[in-house]
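Residue-level listing of the chains:
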Amino acid sequence: PINNLELFQGDFNIDDESLKNALPEIFVNNMDEIKTSKPTTPKNRRYDHILFNGIKLIKTETIDTALTDHFPIYSEFEL
């Protein structure tokens, strides 16, 4: 991490609002997560997740109008 800032995002292939139950070891050092309430794929799956630490989430939105196998997730953070 640079200055205690961490940001991980990706297709985890875990269809859940949170990764906490499946990967609890990620959260032992105060890692936070954007809860995925909306599907991130056209097949109504929530595979894509964003984890962060050392920054403040301002807003996030899933762009479900994009024609792709995974919808873009737009997120803004404050340092």
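Everything numeric here is computed off the predicted structure, so don't read it as measured data.

1. Quick look at the side chain of S75
Mapped onto the elements of the fold, S75 is located in strand β5 (residues 73–78). Side chain to side chain, S75 and T60 meet in a polar contact 2.7 Å long. Those residues in contact with S75 that sit more than four places away from it in its chain are I34, I50, L57, K59 and T60.

2. Remarks on the pattern of salt bridges
Within the structure shown, the criterion is met by three salt bridges. For D64, the salt bridge goes to K38, with nearest N and O atoms at 3.5 Å. Of this pair, D64 sits in the loop between β4 (56–62) and β5 while K38 is found in the loop between β2 (32–34) and β3 (48–53), placing the two residues 26 residues apart along the sequence.

3. Structural notes on the side chain of T41
Within the secondary structure, T41 sits in the loop between β2 and β3. Only 3.1 Å separates the side chain of T41 from the backbone nitrogen of R45, close enough to count as a polar contact. If we skip the residues at most four places from it in the chain, T41 touches Y47, D48, D69, H70 and F71.

4. With respect to unusual backbone geometry
The phi dihedral of N13 is positive, around 55 degrees, even though this residue is not glycine. Within the secondary structure, N13 is located in the loop between β1 (6–11) and β2. In the Ramachandran plot, N44 falls in the positive-phi region, its phi being about 60 degrees despite a non-glycine side chain. The residue N44 is located in the loop between β2 and β3 in this model.

The rules behind these values
Sequence positions are assigned chain by chain, starting from 1 and proceeding in written order. Given that this is a predicted model, residues contribute local features only at a pLDDT of at least 70 and side-chain atom pairs are listed and counted only at 80 or more, while totals for whole chains, interfaces and linings are drawn from all residues. The basis for every side-chain value is the complete set of heavy atoms in the structure, and neither hydrogens nor water enter the calculation. Strands are runs of DSSP state E lasting at least two residues, helices are runs of H or I lasting at least four, and both sets are numbered from the N terminus onward. Throughout this description, a polar contact denotes any pair of N or O atoms lying within 3.5 Å of each other; where both atoms belong to protein, one of them has to be capable of donating a hydrogen while the other can accept it, and for residues adjacent in sequence the pair is counted only when both atoms sit in side chains. Whether two residues are in contact is decided by their heavy atoms: any pair within 4.5 Å suffices. For this document, the term salt bridge refers to a Lys or Arg side-chain nitrogen within 4 Å of an Asp or Glu carboxyl oxygen.

The quantities given are spatial measurements derived from coordinates; they are silent on function.
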